[in-house]
Amino acid sequence: MITNQEDLQALIIRARATDAIALDTEFVWERTYYPNLGLIQLALSDEECYLIDPLALTDLSPLGELLGDSAVVKIFHDAPQDLTILFQATGVFPRNIFDTRLAAGFAGLSSTISLGNLIKDLLDIDLPKTETRTNWLKRPLNAKQIEYALDDVRYLRAIRVLLLTRILNPTVKSWLEEELRRYN
């Protein structure tokens with residue numbers, strides 16, 4: 001759990017040295033006009049996953065630097081809402097986006113597939129979805145919340161690779177790339 005500026009800066013330096021990262025957000029959107037960001041998940045690999053606590057940090061500008069770095073692919077599942085929330089938090093609109101939900105449609109799967117179903121279909125892993133409606137603004141987070149949040153980014157890099165290997169037709173691949181450019 002990243003709760004101080006030094007650890008955040010160190011993580012961002014490491015993330016900017018990779019080719020791709022996975023990102024997700026958890027938020028509470030009850031009785032408000034805008035979502036309240038409760039947690040940011042970031043994975044450098046399936047074994048190296050981090051939780052960034054926006055409630056403990058006063059400056060998310062290092063994360064904004066990563067988001068704006070077009071040299072690093074940012075992998076999301078169903079990106080639009082996360083992109084909006086991260087823009088509100090950092091003032092930077094993420095660049096070089098890969099959306100696994102969007103890509104699934106081009107890979108012969110449902111274009112509305114949930115992350116849990118996509119992971120089940122491609123990796124044969126069942127993820128518990130018990131914490132979907134949890135209060136992400138309450139601290140400390142319990143072990144189930146932490147595991148749920150980490151699982152939301154843990155497999156995204158592998159899912160991206162598997163989806164891209166399914167999209168062999170150059171025309172279909174160009175359609176996906178065109179759609180992904182709309183996020184930039």
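Heads up: these notes are all about the structure in this document. In this numbering scheme, every chain counts its residues from 1 along its sequence in written order. The predicted origin of the model limits local features to residues at a pLDDT of at least 70 and limits the giving and counting of side-chain atom pairs to 80 or more, whereas totals for whole chains, interfaces and linings rest on all residues. Hydrogens and water molecules were not included; the side-chain quantities draw on all heavy atoms of the structure.

**A look at the packing of aromatic side chains**
Inference 1: Aromatic rings from Phe, Tyr and Trp, taking only the six-membered ring of Trp, are treated as a pair when their centres fall within 6.5 Å; an angle between ring planes under 30 degrees marks them as stacked, one over 60 as edge-to-face, and anything in between as tilted. Across all of its chains, the model carries 2 aromatic pairs by this definition.
Inference 2: A centroid spacing of 5.8 Å and a plane angle of 25° characterise the contact between Trp-136 and Tyr-148, whose relative ring orientation is stacked. Here Tyr-148 lies in helix H6 (residues 143-154) and Trp-136 lies in the loop between helix H5 (115-123) and H6, a separation of 12 residues in the sequence. With respect to class, Trp-136 is no different from Tyr-148; both count as buried.
Inference 3: Positioned above the aromatic ring of Phe-98, the side-chain terminus of Arg-160 is 5.5 Å from the ring centre. Starting at the N terminus, helices and strands are each numbered in turn, a helix being any DSSP run of H or I of at least four residues and a strand any DSSP run of E of at least two. Here the term buried applies to any residue with accessible area under 20% of the maximum for its type, exposed to any over 50%, and partly exposed to those in between, with areas from a 1.4 Å probe on protein chains only. Think of it as a cone above the ring: NZ of Lys or CZ of Arg counts as a charge over the ring if it is within 6 Å of the ring centre and within 35 degrees of the ring normal.

**Some words on the environment of Phe-98**
Inference 1: Tracing the backbone shows Phe-98 in strand E5 (residues 97-99).
Inference 2: Between the alpha carbons of Phe-98 and Ala-20 there is a distance of 9.4 Å; along the sequence they are 78 residues apart.
Inference 3: In contact with Phe-98, not counting residues within four places along its chain, are Val-73, Lys-74, Ile-75, Phe-76, Ala-103, Arg-160, Leu-163, Leu-164, Leu-176 and Leu-180. Any pair of residues with heavy atoms lying within 4.5 Å of one another is described as a contacting pair.

**Quick look at the pattern of salt bridges**
Inference 1: Here, a salt bridge means any Lys or Arg side-chain nitrogen found within 4 Å of an Asp or Glu carboxyl oxygen. One pass over the structure, following the stated rule, counts 12 salt bridges.
Inference 2: The salt bridge partner of Arg-14 is Glu-48, with a shortest N-O separation of 2.1 Å. Highlighted residues: Arg-14 in helix H1 (residues 5-16) and Glu-48 in the loop between strand E2 (36-43) and strand E3 (49-52), separated in sequence by 34 residues.
Inference 3: Note that Arg-157 is salt-bridged to Asp-19, the shortest N-O span being 3.4 Å. Of this pair, Arg-157 sits in helix H7 (residues 156-166) while Asp-19 sits in the loop between H1 and strand E1 (20-28), placing them 138 residues apart in sequence.
Inference 4: Several salt bridges converge on common partners, so that one network encompasses Arg-16, Glu-65 and Asp-69.

**Some thoughts on the pairing of strand E4 (residues 73-76)**
Inference 1: Side chains of E4 alternate between two faces, with Val-73 and Ile-75 and Lys-74 and Phe-76 buried alike.
Inference 2: By this definition, two strands are paired if DSSP reports at least two bridges between them. Sheet topology note: the E1/E4 ladder contains 3 bridges and is parallel. Within the sheet, the bridge partner assigned to Ile-21 lies in E4 and is Lys-74.
Inference 3: Relative to E5, E4 is paired through 3 bridges, and the arrangement is parallel. The residue of E5 that forms the bridge with Ile-75 is Phe-98.
Inference 4: Handedness of the crossover is the feature at issue here: the chain leaves E4, passes through helix H3 (residues 79-90), returns alongside E5, and the resulting connection is right-handed. Look down the strands so they point away from you; if going from the first strand over the helix to the second traces a clockwise path, that crossover is right-handed.

**Things to note about H7**
Since the α-helix advances by 3.6 residues per turn, residues separated by three or four positions end up pointing in the same direction.
Inference 1: Residues of H7 that are buried include every one of Leu-156, Ile-159, Arg-160 and Leu-163, and no others. Here the buried residues of H7 occupy an arc of 105° about the axis, which is enough to place them on one side.
Inference 2: Turning to H7, the residues buried within the fold contact E1, E4, E5, helix H4 (100-106), H5 and H6. Taking the helix axis as origin, the arc is that swept by the directions to the C-beta atoms.

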